[in-house]
Protein chains: 2
Amino acid sequence: MAQGRTATLPTTVREVRKLCRANLWDAPTSGVAPGYLQANLIVLPAEFAPDFEILCARNTVPCPLLAISKAPGDFTNFQSRMPGIADSQIAFGLDIRHDLPRYNVYKDGVLVADHIDSLEKHWDPKDHVAFLIGCSFSFEDALTKAGLPPAHIARDCTVPMYRTKIPLCPAGAFTGSKYVVSMRYYHESEVSLVRDVTRRFIATHGEPIAWGWDSLETLGITNIDRPDWGDPPVIADDSVVVRSVEEHKTDGIVPVFWGCGVTPQEAVMKARIPGIVMGHAPGHMLVMDVKEADVFRPS
Amino acid sequence: MAQGRTATLPTTVREVRKLCRANLWDAPTSGVAPGYLQANLIVLPAEFAPDFEILCARNTVPCPLLAISKAPGDFTNFQSRMPGIADSQIAFGLDIRHDLPRYNVYKDGVLVADHIDSLEKHWDPKDHVAFLIGCSFSFEDALTKAGLPPAHIARDCTVPMYRTKIPLCPAGAFTGSKYVVSMRYYHESEVSLVRDVTRRFIATHGEPIAWGWDSLETLGITNIDRPDWGDPPVIADDSVVVRSVEEHKTDGIVPVFWGCGVTPQEAVMKARIPGIVMGHAPGHMLVMDVKEADVFRPS
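Small disclaimer: the values here were computed from a predicted structure and weren't measured. (Residues numbered from 1 in each chain as written. Chains lettered and ligands numbered in written order. Predicted model: local features only at pLDDT ≥ 70, side-chain atom pairs only at ≥ 80, totals over all residues. Heavy atoms only, no water.)

Asks: What should I look at first to understand the overall build of chain A in this one?
Replies: Per the secondary structure count, chain A includes nine helices and twelve strands. Rg of the C-alpha trace for chain A: 19 Å, near the compact-globule value of 19 Å for 299 residues, within the 12% margin. Across its three principal axes, chain A shows a C-alpha extent of roughly 60 × 45 × 35 Å. The proportion of buried residues among the 299 residues of chain A is 56%. A separation threshold of at least 6 residues defines the contact pool for chain A, and within that pool the share at least 24 residues apart is 75%. When the accessible surface of chain A is split by element, carbon and sulfur atoms take 51% of a total near 12700 Å². (Helix = DSSP H or I, 4+ residues; strand = E, 2+ residues; numbered from the N terminus. Rg over C-alpha atoms; globule rule 2.2 N^0.38 Å. Buried < 20%, exposed > 50% of the residue type's maximum accessible area, 1.4 Å probe, protein only. Contact = heavy atoms within 4.5 Å. Areas by Shrake-Rupley, 256 points an atom, 1.4 Å probe, with all protein chains shown as cover.)

Take a look at the structure:
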């Protein structure tokens, strides 16, 4: 079954979704279909959908809402929340229960199935509402094109992610949650350009929310080498095996933090939503028909 | 000149703006034209408008953007950012330089004129861009109708406002800013209803961002009786002259905090924008043609 990375990369977004639906694609979607938007998935019982939508509207940086099911139970038709993008442009012939590579399922806040290839048997046709949330692949691609490739990509690692002490603005059932951030190392001389390049990606976390060594205290991160998700942080120079924070400081390397799409999943877990909640398996996103160039204005 | 409060209240929003334009209205607009939206005003040099617009998009709770000048220098035509509200519905015949009761003007970050009745001589017809930002009057009216009137209104005080340590998500030139919050005391048994009543007012700060005595530490507020703006907090019972925090705690009274429209003004000050920046004088808002019922869905 381990097609995906080992097979030839599909060239169209519809081909990716078709392979997913046929259970012939199980790999992460990073680097697939460059120039097209990808999305995080969260599926909730309808009762909690209005509060979650407000949570996204109040916390647009970590929880950028791209689209939402048109009606409870509808796995095909979505309402676009992307300016200038019609509902019909989101993903032709979509079946959200099948068209991502892998899914996770939670019952009463506990993981009951992971990396499964379909949501069909968990999907309530009268109740489940799906949310598509922006992901960081868009701005990472732009950084690479600008000559600022994130080191974790070059080193084939997962970006490090951290819980912070920065509160989300609560919404109804969703209280007590905090920002999750992703981190990429850059030289301090590059931060201004990194901010400029990523600023226009408003629907996919946009520019960094904090940078520099002082920001660790602001964010409440005690050990940058021990992220809560992903791999420990790396720099591009792979001749360096272990590198201390002091050495980074000497070289002018600083951490740069972005709002992270894990935030809404954490908010859902924190709210202990009863019943069946579903999402993509980390890294296994929905590949959409939407072109990045149609969503993000040139800077 | 002190018409306004002492004169008969005008009954239509257009009459309010007409009186402002004729310099016959100089009072705060709290309580004027119930059911109609009011707006905070911020005017910036065009160079800083794109960053400020992104600042609002990234911090929707304290900085809810309602409308923006259609072109630099245009003081009449605005583009609506309110879902379902057309540009033509914002404010008929508007001249943003005259139609608010009172204005403040800053030069290179320093206040150079306050409570003036017109911006005409400061307005650059080729450069200035005006932003209309949601204000808390809408949800205060709803709280009053729900039997939860904010005590500062009954006691004829200004709502207390506080700087916090919660960072705004930065945007371009606007870095290093923090949330400003307003506070209203409620009994702990009322907080759930207070949250429910204010939730739908997404374009005017929505539901509280924090509540309870523990939230003072989260927000970084050291002395609730010494707000950074407005009057010290009061409770509705005006037989009580001085009331300690310990007495409040004994009675189950808790502070409830909302995102505050002073936040974007603070962000502009913090960014030390060069040139002429303008805004409304505190409490002296733009009264719009937009009905609250057309912007906020019933809960």
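Asks: Looking at this structure, I do not really get helix α1 (residues 13–21) of chain A. What am I missing?
Replies: Note on helix geometry: an α-helix contains 3.6 residues per turn, so any two residues three or four positions apart are oriented the same way. Residues and elements named next belong to chain A. Taken together, the buried positions of α1 are occupied by Val13, Val16, Arg17 and Cys20. Along the long axis of α1, the arc covered by the buried residues comes to 95°, so they all point the same way. Of the surrounding secondary structure, the elements contacted by the buried residues of α1 are β1 (36–45) and β12 (286–291). Looking at the residues trailing α1, positive phi occurs at Asn23, about 60°. (Arc of directions from axis to C-beta.)

Asks: Which parts of the structure should I look at to understand the interface of chain B and chain A?
Replies: By a widespread convention, an interface's size corresponds to the accessible area lost as its parts come together. Taken residue by residue, the interface counts 24 residues in chain B and 24 residues in chain A. Of the roughly 2000 Å² buried where chain B meets chain A, counting both sides, 62% is carbon and sulfur surface. Its largest share of buried area at the contact with chain A, chain B owes to Ile54(B), Arg58(B) and Arg199(B), together 25% of the area lost on that side. For the pair chain B and chain A, the number of links is twelve residue pairs in polar contact (both at pLDDT 80 or more). At the level of secondary structure, the elements contributing two or more residues to the side of chain B that touches chain A comprise α2 (49–58), β7 (161–167) and α5 (191–199) of chain B. (Buried area = accessible area lost by both parts, 1.4 Å probe. Polar contact = N/O pair within 3.5 Å; in protein donor to acceptor, adjacent residues only side chain to side chain.)

Asks: Explanation requested: the domain arrangement of chain A in the structure shown.
Replies: All names here are of chain A. Taken domain by domain, chain A comprises domain 1 (4–136 + 272–295) and domain 2 (137–263). The gap between the C-alpha centroids of domain 1 and domain 2 is 24 Å. Across the boundary between the two partners, domain 1 contributes 27 residues, which contact 23 residues of domain 2. Between domain 1 and domain 2, roughly 2100 Å² of surface is buried when both sides are summed, and carbon and sulfur atoms account for 63% of that area. Three residues stand out in domain 1 for area buried against domain 2, namely Val61, Pro62 and Ser136, and they jointly supply 30% of the buried area on that side. For the pair domain 1 and domain 2, the interface holds zero salt bridges. Where domain 1 meets domain 2, there are ten residue pairs in polar contact (both at pLDDT 80 or more). Looking at the side of domain 1 that touches domain 2 element by element, the count peaks at five residues for helix α2 (residues 49–58). (Domains from an automatic or database assignment. Salt bridge = Lys/Arg side-chain N within 4 Å of Asp/Glu carboxyl O.)

Asks: Is there a simple way to think about helix α8 (residues 262–270) of chain A in this case?
Replies: All names here are of chain A. For α8, the full list of buried residues reads Val262, Thr263, Pro264, Ala267 and Val268. In this structure, the buried side of α8 is in contact with β1, α2, β6 (128–134), β7 (161–167), β8 (178–187) and β11 (276–280). Phi turns positive, to about 50°, at Arg272, one or two residues after α8.

Asks: Please clarify how the sheet that holds β7(A) should be interpreted in this entry.
Replies: Backbone-to-backbone hydrogen bonds pair the strands of a sheet. The strands run either parallel or antiparallel. Residue and element names in this part refer to chain A. Read across the sheet, four strands follow the order β7-β8-β10-β9 without closing on themselves; strand pairing throughout is antiparallel. Each edge of the open sheet is held by one strand with a lone partner, namely β7 and β9 (210–211). Here β8 runs beside strand β10 (residues 253–259); their pairing, made up of seven bridges, is antiparallel. Bridge pairing links His187 to Ile253 in β10. (Pairing = 2+ DSSP bridges.)

Asks: Help me understand the pairing of strand β4 (residues 103–107) of chain A in this model?
Replies: On a regular strand, one side chain projects to one face of the sheet and the next to the other, so that they alternate. All names here are of chain A. Where burial is concerned, most of β4 is hidden: four out of the five residues are buried. Remark: two residues form the turn of the hairpin made by β4 and strand β5 (residues 110–116), two consecutive strands paired antiparallel; Asp108 in that turn has positive phi of roughly 50°. Here five bridges tie β4 to β11, and the two strands are oriented antiparallel to one another. Among the inter-strand pairings, Tyr106 is bridged to a residue of β11, identified as Val277.

Asks: Honestly, the confidence of the model for chain A in this entry has me stumped. Any pointers?
Replies: The predicted coordinates ought not to be read in detail in places where the model reports low pLDDT. Looking at chain A, pLDDT values average 91 and 94% of them are 70 or higher. Long-range and interchain partners of residues 1–7 of chain A, a stretch whose pLDDT sits below 50, account for twelve contacts in this model, where long-range means more than four residues apart. (pLDDT = per-residue confidence, 0-100.)

Asks: I'm lost on the packing of helix α3 (residues 137–145) of chain A against helix α5 (residues 191–199) of chain A in this one. Help?
Replies: For any two helices packed against each other, one specifies the inter-axial angle together with the distance between the axes. Residues and elements named next belong to chain A. Between α3 and α5, the least distance of the axes is 9 Å, while the angle of their chain directions is 130°. With respect to α5, the element α3 is oriented oblique. You can see that α3 and α5 cross each other, and the crossing is right-handed. Contacts from Phe139, Ala142 and Leu143 of α3 reach α5 at Val194, Val197 and Thr198. When the residues that make up the contact of α3 with α5 are grouped by side-chain class, the tally is five nonpolar, one polar and no charged. (Axes fitted to C-alpha atoms, helices over the stretch in contact; angles between N-to-C directions. Parallel < 35°, antiparallel > 145°, perpendicular 65-115°, else oblique. Left-handed = near helix turned anticlockwise from the far one by under 90°. Nonpolar A, V, L, I, M, F, W, Y, C, P; charged D, E, K, R; others polar.)

Asks: Looking at this structure, I do not really get the sheet that holds strand β10 (residues 253–259) of chain B. What am I missing?
Replies: Residue and element names in this part refer to chain B. Ordered by their spatial adjacency, four strands build an open sheet running β7-β8-β10-β9, and the pairing between neighbours is antiparallel. Of all strands in the sheet, those with a lone pairing partner are β7 and β9 (210–211), marking the two edges. Sitting on the sheet, α5 touches β8 (178–187), β9 and β10, and the angle it makes with β10 is about 20°.

Asks: Where do I start with the environment of Cys157(A) in this structure?
Replies: Residues and elements named next belong to chain A. By the element assignment, Cys157 lies in the loop between α4 (151–154) and β7. Residue class for Cys157 comes out partly exposed when judged on its relative accessible area of 24%. Between the C-alpha atom of Cys157 and that of Val234, which follows or precedes it by 77 residues, the distance is 8.2 Å. Residues in contact with Cys157, not counting those within four places in the same chain, are His152, Asp231 and Val234.

Asks: Hey, could you run me through unusual backbone geometry in this one?
Replies: Across the chain, the bulk of peptide bonds are trans and the bulk of non-glycine residues have phi less than zero. Residues and elements named next belong to chain B. Even without glycine at this site, Asn23 takes up a positive phi of about 60°. Mapped onto the elements, Asn23 comes out in the loop between α1 (13–21) and β1 (36–45). For Asp156, which is not glycine, the phi dihedral falls at a positive 60°. Here Asp156 shows up in the loop between α4 (151–154) and β7. A relative accessible area of 69% means that Asp156 is categorised as exposed.

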